[in-house]
Structures are given as C-alpha cells and as structure tokens.
Amino acid sequence: MSFTRRQFLSGVAGLAVVGLGAGGASRYWLGRRHASSGHDYQLIAAPLDVELVAGHQTPAWAFGSSAPGTELRVRQGEWLRVRFINKLPVPTTIHWHGIRLPLEMDGVPYVSQLPVLPGEYFDYRFRVPDAGSYWYHPHLNSSEQLGRGLVGALIVEEREPTGFLHERTLSLKSWHVDEVGAFSDFSVPREAARGGTAGRLSTINGVPQAIIDLPAGQIVRVRILNLDNTVTYRLNLPGAQAQVYALDGNPVKPRPLGEEYWLGPGMRICLAIKAPAAGQEIALRNGPIRLGTLRSVANSDAPGEWPPALPANPIAEPDLANAEKLNFNFEWSGAVSVNLDNGAPPSLWQINGKAWDINDKTCADRPIARLQKGKSYIFELKNMTQYQHPIHLHGMSFKVIASDRKTIVPYFTDTYLLGKNERARVALVADNPGIWMFHCHVIDHMETGLMAAIEVS
Ligand SMILES: [Cu+2]
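Residues numbered from 1 in each chain as written. Predicted model: local features only at pLDDT ≥ 70, side-chain atom pairs only at ≥ 80, totals over all residues.

### Digging into the overall build of the protein
Phase 1: Check the secondary structure of the protein and you find 3 helices and 31 strands.
Phase 2: Looking at the protein residue by residue over its 457 residues, the buried ones come to 49%.
Phase 3: Within the protein, contacts between residues separated by at least 24 positions form 74% of all contacts whose residues are at least 6 apart in sequence. (Helix = DSSP H or I, 4+ residues; strand = E, 2+ residues; numbered from the N terminus. Buried ≥ 20, exposed ≤ 12 C-beta atoms within 10 Å, placed from the backbone. Contact = placed C-beta atoms within 7 Å.)

Encoded structure:
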C-alpha cells in the first residue's frame, strides 16, 4: 500500500512545544478551526532526564515535558490534530490505543505508515468517535520506547456535561530502573517466556508513592490507566466508596468496585470515588502493595451527588444470531534458546500456530483472518498457556460476551485480559476496513510472537 509521506522538518532545533500540550494535566479547550489544516497539539518526543529515584537522573524519553507524556484532550466527535515531531535518536510512530480511526492514522510501522525518522514530523489527524480514557504510545521497538517513558493519556470528553465536577487521571507505570535510576533490561528472554519483564519501581503519573489530593466530600471521576509494559495491577482501594463507571473507555452500568479489579497492560478503568472527610486518606493498592495515596483536602462545596451512568459510545451492536465464529488460540511455542546468540528476540508465543516476527516487515501481508466489511463475528479466544494475556485489537472495539472463568456483564472494550487457560468469547461488527494488529499487550510477549494481523475488506 502507499503511505502518507513523512515530512522532514527544516529548522527543527528552533521549535519548542508552543504552549499546546506541555504541562501534564492542562485543561484548556481550543476553538475549532478547519479540521483538515493546522493542529491542536504540537507533540515532541525527545530525551528527558527525570528524577524517579531521589537524587538520581533517569535518561527517559518523553512526549512533551513529562513522562508519562502530555495528557491530550479532545471532545467526542471532533478532530484531534497532532503534529508529532520526532527529536529522539531513533525512528518511531504513535499508535492511539482504543481509538477507532482510519488505518493510515493507526501508527503501525510498515502497515499504516513509515516510521517517523529522527528530525521528521508526521501529522496525525482523525475524528474521535468515542468518549472515554485512551492512551498513546509508539508501535516500534516498544519494549525500549514505552519502557523509557513514551506513553501518555488521551482523554476524550463527552459531548455534554456528565455530572462530574472533579476528575483526576492516574497513569500507572512500573519503571525498569535500579536503585540509582539507571535503566535495567526492558526485556529479558527468561521473563518474556513467563509473565513478561516487570520494572521494579511503581509510579503514578511518574511519581513513586504519589499523593493525589481529592476535594473532601466530593464525587471525583478517577481515570486509572495502565500504561505499563508488563504489570497487571490488582487494583484495590480499601475502605473507599468507589463505583465503576467505565472500562477501557466504554461506559458500564455503575457498580461497586468490589474487592479487586485486575487491570492488565493497556487497560483503563474509570471510577467515581467519594472523597472522605478532610484529612482522611485512601490507599490505592496493587494487591497488598500501596502504589500511592488519595488524600482528602478541605473544601467548602456542598457534598457531591453520584452522577448518572455515562452515555454509551456509538459502537455497532454485533448480530450474534448470524455472526460467523472464528477461533483464536494463544499458545506457547517455546524456543527460548534458538535466537539468543544473534541478538534477535526469541520466538516464544504464537496465535493459531503462527508467531509474529517483529523484525519481518512483511508479516502483515499474511493476515491470520480476513473479515468481510459489515459482517458480525464472534471470536473464540482460547488461552492455552499458563500466563495471562491482555488481548488488544486495533481499529475496532469488541463486545465481551462470555468467559468460562467468570460471569460477564457484556461490555465493549479494545483489550480483554485473558486469564491463564481461559476461554472467552468476544463479538464485533467488522466495520473498519484495514489491516489491524491483534496482539497481547504484555510488550515482550508481543515482541516474541504474540501478535497477528486481521484484515477487514
Ligand atoms: Cu501476553
């Protein structure tokens, strides 16, 4: 296929982030101009030293002035126009996780675009059909690029006010750094062959043991995003009044958080939390481990009310009665030793008997399934391994309808955490033409085989 040309930026050195986007949780709203020209954000990827370990610098890579990067915001149904400038020493791209968009904006190298080389820029422009919490990251040398900090939140605001007056974004990431802030290996074969290579330093918004202030007595929309390469967080908030309002961007009927929610890599959960009385704290934990603290601060407003359910996104409802069934088996193929001597990642995992070779630019020419545009499908996902895999599809959202391990209240998502040896069924309308990546979001599983392409035409 032909690609939108990368553009070389003359005089790159003179450019700065021009107010658009720098500074994490900025909440400005930009007036709409012509959708097809100009941009709302100028997003620069560049090296950035960050202090993750007190007194030490970590040579991160960042989108904008922080890692995780600039939080991008756009309103549902409108255009997001990002001029992405690569000031890294390596080629890269941006993939917009969970956004249903045209293939040429999907950020997969050699499938939807050419890599953006150092000193070049690429204009990403697409409409965002669905409200919710999404994120963005490269789709190239992902262990290192995401590992070094190239991850960021993308928040799509609902068209109308939702009833939430307060909100926070909590981006979770566990960094592969040692006690002096130096990077350790992002992917180790013996770990890639198991649950994936985990970082040792947990952070919220780039801060270990972060304290996040909430207005006492108010209902706060807390968006928790797992932007980590590897870790499934077993989220719990002991003692908190917390309701689940959305999973992976899509609204659900509000329900109590319960004891624990397993948030796999790439997944998001949107909670409403009633902040307790001023001075009280809520621990945000991964299993028994505290990741950070929500702290209530005095506030003179009247106590907040629980907002109604969020409005559904306009995702086509699959026709289950007439859907075609397709099987996808996720398997261990275990050849750890084969490639260790030539530096290439080993081939460890496969989908339907085929392992993706991260260095072979032609893999996408051999999709493992071809779907007919407009038709409904049921995917039977079968995990034949002893490890869980957060299975992510680009370009389309799917509805989770059944599992042999747990009761499913059907919901739409872009990533399903498939438990060890679990069988689950998801359904979709193949309504977006293109070659779409279908992969595990444990990054070193993806890079050692657990990825495939699905064609819709
Ligand atoms: Cu996996």
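Picking up where we left off.
### Focus on unusual backbone geometry
Phase 1: Here the bond from Ala67 into Pro68 is cis, since omega is -5°, no more than 30 degrees from zero.
Phase 2: With respect to the helices, strands and loops of the structure, Pro68 is situated in the loop between strand 3 (58–63) and strand 4 (69–75).
Phase 3: Although it is not a glycine, Asn141 sits at a positive phi angle of roughly 40°.
Phase 4: Looking at the secondary structure, you find Asn141 in the loop between strand 8 (132–137) and helix 1 (142–147).
Phase 5: Since 19 C-beta atoms lie within 10 Å of it, Asn141 is described here as partly exposed.

### Looking at the pairing of strand 19 (residues 281–286)
Phase 1: Summarising the sheet, strand 14 (residues 233–236) and strand 19 pair through 2 bridges and their orientation is antiparallel. Residue Asn236 lies in a different strand from strand 19, and its bridge partner there is Arg285.
Phase 2: Relative to strand 20 (residues 289–297), strand 19 is paired through 6 bridges, and the arrangement is antiparallel. Across the sheet, residue Glu281 finds its bridge partner in strand 20, namely Arg295.
Phase 3: Counted between consecutive antiparallel strands, the loop separating strand 19 from strand 20 contains 2 residues, among which Gly287 sits at a positive phi close to 60°. (Pairing = 2+ DSSP bridges.)

### Observations regarding the sheet that holds strand 16 (residues 250–256)
Phase 1: An order of 11-10-13-18-15-16 is seen for the 6 strands of this open sheet, with the pairing classed as mixed. The open sheet is flanked by strand 11 (201–204) and strand 16, the only strands paired with a single partner. Across the sheet, the axes of successive neighbouring strands diverge by a mean angle of 25°, strand direction being ignored. (Axes fitted to C-alpha atoms, helices over the stretch in contact; angles between N-to-C directions.)

### Topic: the sheet that holds strand 23 (residues 369–371)
Phase 1: Here 5 strands make up an open sheet; going across it, the order is 23-31-30-25-28 and the pairing mixed. Edge positions in the sheet fall to strand 23 and strand 28 (415–418), since each of these pairs with one other strand and no more. Strand-to-strand, the axes of this sheet are offset by a mean angle of 20°, without reference to chain direction.
Phase 2: For strand 25 (residues 389–393) and strand 30 (residues 434–440), the ladder comprises 3 bridges, and the chain directions are antiparallel. Across the sheet, residue Ile391 finds its bridge partner in strand 30, namely Cys440.

### Here's the deal with the environment of Arg73
Phase 1: In this fold, Arg73 is placed in strand 4.
Phase 2: Classification of Arg73 as buried rests on a count of 21 C-beta atoms within 10 Å.
Phase 3: Distance in space between the C-alpha atoms of Arg73 and Glu157 is 7.2 Å, their sequence separation being 84 residues.

### Description of the confidence of the model for the protein
Phase 1: Per-chain confidence: the protein averages 90 in pLDDT, with 90% of residues scoring 70 or above.
Phase 2: Contacts for the low-pLDDT stretch residues 9–34, under 50 throughout, to residues beyond four places or in other chains number 36 contacts. (pLDDT = per-residue confidence, 0-100.)

### Topic: the environment of Leu381
Phase 1: Secondary-structure assignment places Leu381 in strand 24 (residues 376–383).
Phase 2: The spacing of Leu381 and Val426 is 45 residues in sequence and 7.7 Å in space, taken between C-alpha atoms.
Phase 3: Setting aside its immediate chain neighbours within four residues, Leu381 contacts Phe328, Ile391, Leu418, Arg423, Ala424 and Val426.

### Side note on the pairing of strand 8
Both faces of the sheet carry side chains from a regular strand, because those side chains alternate between them.
Phase 1: Counting buried residues along strand 8, 6 of its 6 residues qualify, which places the element largely inside the surrounding structure.
Phase 2: Side chains of strand 8 alternate between two faces, with Gly132, Tyr134 and Tyr136 and Ser133, Trp135 and His137 buried alike.
Phase 3: Alignment of strand 8 against strand 9 (residues 152–157), held across 5 bridges, turns out to be antiparallel. Paired with Ser133 across the two strands is Ile155, which belongs to strand 9.

### Side note on the environment of Trp79
Phase 1: With respect to the helices and strands, the residue Trp79 is situated in strand 5 (residues 79–86).
Phase 2: Between the C-alpha atoms of Trp79 and His39, which are 40 residues apart in sequence, the distance is 9.5 Å.

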